[in-house]
Each structure stands twice: as structure tokens, then as C-alpha cells.
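# Tertiary structure, described
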Amino acid sequence: MNVSTNPYLEGNYGPVAEEITATDLIVTGKLPEELNGRYLRAGPNPLGPTNKDHHWFVGDGMIHGIRLREGTAEWYRNRYVGSRALSEHRGQPDVQGPNWNDSAGGPNTNVGGFAGKTWAMVEAGGCPVELSYDLETVARNDFEGTLPGAFTAHPKVDPETGEMHAMVYAWAQWLDHVQYVVIGTNGKVRKTLDVPLPGMTMLHDMSLTEKYVVIYDQPVTVDLDEAFAGKSFPMKWNPAYGNRIGFLPREGSPSDITWIDAPMGYCFHPMNAYDCENGDVIIDLCIYDSMFNQDRQGPFGDGMARLDRWTISLAHRSINAVNIDPRSNEFPRHRASRTGKHYRYGYCASPNPIDPTAGWPTIKYDLETGSRRTFDHGPGRAAGEPVFVSKKGRVEEDAGWLMTYVHDLGKGTAEFVVIDAEDLDRGYVARVALPQRIPFGFHGNWVKD
């Protein structure tokens, strides 16, 4: 790899060199025996060479996974996600399956289970890639031939219907619209709807309520001059575009969308959203003051996100924004059965990319009482996205386990950890030392057997 001053290629952002498999991992503490399945997380791992202009979001995709069974940690694996670039690098035939936008890269943003398959996903148009149980690439899979074009890294599964909802964009192919996609429980697309936009926003995520699909039309847009010049990531801060959110009735058309001007800023990740009895909508979200303004290689150089609550009046087309926590907050999660519904508890990571000796704690929010609890992983120990897994047979909202990878920046090592979401003061329920460093990455999920 070329020598670089790009901070998103150095330290724990830097890639690992090998794909490995390690078995019979050592567990400190006791893994809950009910946890039978795989914790998977996606992230970028550039094959190289790269340069100082490399953007963190476009690195080649790699999945890091750990398999748990009856209180044991059976294996850890890291595998590249198949792509044209990886195939060319290895001198192999291209990955099978449709590549509708002729993308060279593979999914690097999210990974999870749906309709009996394991899916690696990326935003901005790339086709999902199906993985085997052992994380080997099977093929590009456009939901069995039913997806007409782009997909996203951030679909939402409706806990009542089991269907998956997505808002997708494809900046190089679509410059005037995004698309709403619904995938049925059989793993096939049952609905698509084009939504016109005045420009091509970076539509990273979406929200879902029982009534609405929430569309984030934000001031990070494609710079056409940079796109035509061949820049791999031509998105930049564009406050003149404005910031607004749209409320599309689930079975509505574009003419039914209620658009509401929003406070200036950018949100990668909302925590959750739900409808109120009076017709308002509540959205809790991690929001930055600006994005890709001074820092054009990654998300953290212009400042960190805070956690806010927006109370939106559709009747008055207004937003009342209240800060929940001014501290750094990202990668918000909640109990999946509360998606789109009134909920009480949320969980975030608190990144500190400025000081490598500082810890990145995990924070639990009680959104009814306003209280919050912090799980301190220790100096120089950086926790990622806290994935919530319900405890077996328990229906209380916070009755679950939080699991994530923790990176020890001083030692250059990584652990998989399990925390009791009901009792953060309990400390680690279990820790599993992993055989290599895991670079900072993006999103993942628990995929039960």
C-alpha cells in the first residue's frame, strides 16, 4: 500500500493483510448458552494501492464474523466480499450474478440475515452479495431477479409483517430520483416506487413508522464536476440545497409525500421513529452540523454527531428539535421488535477519533426518564455499534444482550464482547479474544441459527 497521510488508512483504520479462520476461541466469563448463531460486521479493507485522496467509504468490503454455539465460541473468520475488483486482483473469474451498474467494488457497509440467506450490502446502488454460512461469497443476488436496480445498506424490517423496506439511491445512474423498495418475506421484491428529488442527495439511511416511510433529503449531494473528473466519492457538503424530510404514506404515491424543512445538518443514522396519537412523528437521530465539508475522506473531520429528538408536526409542517445528549453519538440501535413503534431504550457508540488514548464507551438511553448509563470499556479501547439481541423468553424492552467488537488501540488487538443490556454495571458477561486486529468498520447484525 502506498504511503499516505490519509487518517482513514492509518492506525486501526488500516486494512488487515490476511483472511484467516480460527477455531475454539478462548472465552473469559460465560457466553449465554441461548446465543446460537453468528455475529457479523462489515467494513472497508482496501486491497490497495491507495493514495491520500482515498475515501474511507469506498474500500473493498470485508466481513468479520464469530460463531457462537451453546456457550462456546466456535470460530472467527474474516472474508473479503466478492467483487469484480477482488476477482481481478486474484486473477479469478468475476463473481456470478447481475451487476446492474457495473460496479467494480463489493458491499462494505452492512451484513445481515433475511429470508434464510446472509446478505452483504452497500449503499449507492451496488447489488447485494449473498454469502455462505462460513462467509464465502456465493453470488451477487438481486433478490432472485426481482430487484430492478439499486439497493441500500440500511433496510428496515417491519416487526409485524416481516417485510424489508428500503430507500435507495444510485448517484451515477439516477440524478433526479430515489426509489422505495419493499421485499417480501420470501426474499423477492414486491414493490418499487420512484420518488423525484431536485438533486442527488446522499441518502444513507431511512426511517419507518407504522404509517410512513421517512425520506431524508439532505445537503450532502453529488458534485458533478468531481464526478466527471473521476473522483471515486464525489459527495460534498452543499448547504444551499437545503435540508428536508419527507413522509410517504406506506401505500401512497409521490404526490402524497409531506415535505418538511429540517434544521441544517446531516444524519447518517436515525435511532428509531414512531407515530404519535396526535398525528405528530417522533424521530431520534444522530446529527452532524456539517458533513464532507473540510474533511473529504471520511465522516469525522468536520465534527461529531450529537443525539437529538425531533418532534415533527405534519399538520403545521414544523420540527421541534431537542438535544438528548451533546456528546459524540453514532451507530444507534434499539430492540428490533420496536422498529417503527413507541420505544423507551436506545443504545449508541460514542466515538472519539481525535484521541487514540481515549475510550469509546457504549451508552444506554432511557428515553422516557431522560437517564443514561455509560459502559466504559477502558482507556484506548474503542467499542463499535452495539447490536441488541433479545434474551430468550423475555419481552421487556431492555431484556437483552449488547454485542460488539472492542478494539484495543494501544495493543492492536480486538475482542468480541457481550454486555447485559439490563445491567451495565454487571461488566462484561463474556469476552472472546480474537486472533487479529479488526479495522474500524460500519454495521453488523446477529444472525441466529
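Here's a quick rundown of the structure. Please read all numbers here as calculations on a predicted model, not as lab measurements.

## A closer look at the environment of arginine 373
- If you trace the backbone, arginine 373 turns up in strand β27 (residues 372–375).
- Once the C-alpha coordinates of arginine 373 and isoleucine 257 are considered, the two residues, 116 residues apart in sequence, prove to be 38 Å apart.
- For arginine 373, the contacting residues outside a window of four places in its chain are Thr362, Ile363, Lys364, Leu424 and Asp425.
- Within the structure, arginine 373 has its side chain in polar contact with the side chain of aspartate 425 (distance 2.6 Å).

## Remarks on the pairing of strand β22 (residues 306–313)
- Extensive coverage of β22 is indicated by the burial of 6 of its 8 residues.
- Bridging between strand β21 (residues 281–288) and β22 involves 7 bridges; their strand directions are antiparallel. Opposite isoleucine 287, over in β22, you have arginine 306 as the bridge partner.
- Bridge count between β22 and strand β23 (residues 318–325): 7 bridges; the pairing is antiparallel. When the bridges of β23 are listed, aspartate 308 appears paired with asparagine 323.

## Quick look at the nonpolar core
- The biggest cluster of nonpolar side chains holds 64 residues, and the ones touching the most others in it are Phe151, Met167 and Met202.
- In terms of residue count, the dominant contributor to this core is strand β12 (residues 177–183) (5 residues).
- In terms of nonpolar packing, the next biggest core, distinct from the first, is built from 24 residues, Ile20, Tyr39, Leu68 and Met403 among them.

## Some words on the packing of aromatic side chains
- Evaluated as defined, the whole model comprises 27 aromatic pairs.
- Ring geometry for tyrosine 212 and phenylalanine 247: centres 5.8 Å apart, planes at 80°, overall edge-to-face. One end of the pair, tyrosine 212, is in strand β15 (residues 212–217); the other, phenylalanine 247, is in strand β18 (residues 244–249), with 35 residues separating them in the sequence.
- Residue tyrosine 212 is classed as buried on the basis of its relative accessible area of 16%.
- Ring centres of tyrosine 405 and phenylalanine 416 lie 6.3 Å apart, and the angle between their planes is 70°; on these two criteria the pair is classed as edge-to-face. Here tyrosine 405 is found in strand β30 (residues 400–408), whereas its partner phenylalanine 416 is found in strand β31 (residues 413–420), with 11 residues between them in sequence.
- Take phenylalanine 416: its relative accessible area is 0%, and that puts it in the buried class.
- Over the ring of tryptophan 75 we find arginine 77; its NZ or CZ atom is 4.4 Å from the centre of that ring.
- Taking NZ or CZ as reference, lysine 364 lies 4.7 Å from the ring centre of tyrosine 345, over its face.

## Focus: the side chain of asparagine 141
- Within the secondary structure layout, asparagine 141 lies in the loop between β9 (137–140) and β10 (156–157).
- Here the side chain of asparagine 141 touches phenylalanine 143 through a polar contact of 2.9 Å, landing on its backbone nitrogen.
- Looking at asparagine 141, its side chain comes within polar contact range of the main-chain nitrogen of glutamate 144, at 2.9 Å.

## Regarding the state of the cysteines
- Per the counting criterion, the structure on display carries 0 disulfides.
- Note on cysteine 276: no disulfide assigned, nearest cysteine sulfur contributed by cysteine 267 at a separation of 18 Å.

## Notes on the sheet that holds β12
- An order of β10-β11-β12-β13 is seen for the 4 strands of this open sheet, with the pairing classed as antiparallel. Either end of the sheet is taken by a strand with one partner, and the two such strands are β10 and β13 (189–196).
- Taken together, the 5 bridges between strand β11 (residues 164–168) and β12 define a ladder with antiparallel strand orientation. Across the sheet, residue methionine 164 finds its bridge partner in β12, namely isoleucine 183.

## Section: the pattern of salt bridges
- Going through the model one piece at a time under the given rule, you end up with 38 salt bridges.
- In this structure, arginine 84 engages glutamate 88 in a salt bridge whose closest nitrogen and oxygen atoms are separated by 3.7 Å. Here glutamate 88 and arginine 84 lie together in helix α1 (residues 84–90), a separation of 4 residues that amounts to about one turn.
- The salt bridge partner of lysine 117 is glutamate 144, with a shortest N-O separation of 4.0 Å. Here lysine 117, found in strand β7 (residues 117–121), pairs with glutamate 144, found in the loop between β9 and β10; they are 27 residues apart in sequence, far enough to count as distant.
- Taking relative accessible area as the criterion, lysine 117 reaches 28% and is therefore assigned partly exposed.
- The partly exposed category is assigned to glutamate 144, whose relative accessible area is 41%.

## A word on the environment of methionine 403
- Inspection of the secondary structure puts methionine 403 in strand β30.
- Between the alpha carbons of methionine 403 and isoleucine 419 there is a distance of 6.4 Å; along the sequence they are 16 residues apart.

What counts and what doesn't
Note that residues are indexed from 1 along each chain, following the sequence as it is written. Residue-level local features of this predicted model are given only where pLDDT is at least 70; pairs of side-chain atoms are given and counted only at 80 or more, and the full residue set underlies all totals for whole chains, interfaces and linings. Hydrogens and water molecules were not included; the side-chain quantities draw on all heavy atoms of the structure. Runs of H or I in DSSP of at least four residues are treated as helices and runs of E of at least two as strands, each being numbered from the N terminus. Should any heavy atoms of two residues lie within 4.5 Å, those residues are considered in contact. Here a polar contact is recorded for every N or O atom pair within 3.5 Å, except that within protein the pair must consist of a potential hydrogen donor and a potential acceptor, and residues adjacent in sequence are included only if both atoms are side-chain atoms. Each residue gets one of three labels from its accessible area relative to the maximum for its type: buried under 20%, exposed over 50%, partly exposed in between, using a 1.4 Å probe on protein chains only. When DSSP finds at least two bridges between two strands, those strands are taken to pair. Buried residues of nine kinds, namely Ala, Val, Leu, Ile, Met, Phe, Trp, Tyr and Cys, make up a nonpolar core once their side-chain atoms join them within 4.5 Å. Here a pair means two rings of Phe, Tyr or Trp (six-membered ring of Trp) with centres within 6.5 Å. Their orientation is stacked below 30 degrees between planes, edge-to-face above 60, and tilted elsewhere. Lysine NZ or arginine CZ positioned within 6 Å of the ring centre and within 35 degrees of the ring normal marks a charge as sitting over the ring. A pair of sulfur atoms, both from cysteines and within 2.5 Å, is called a disulfide here. By convention in these notes, a salt bridge is any Lys or Arg side-chain nitrogen within 4 Å of a carboxyl oxygen on Asp or Glu.

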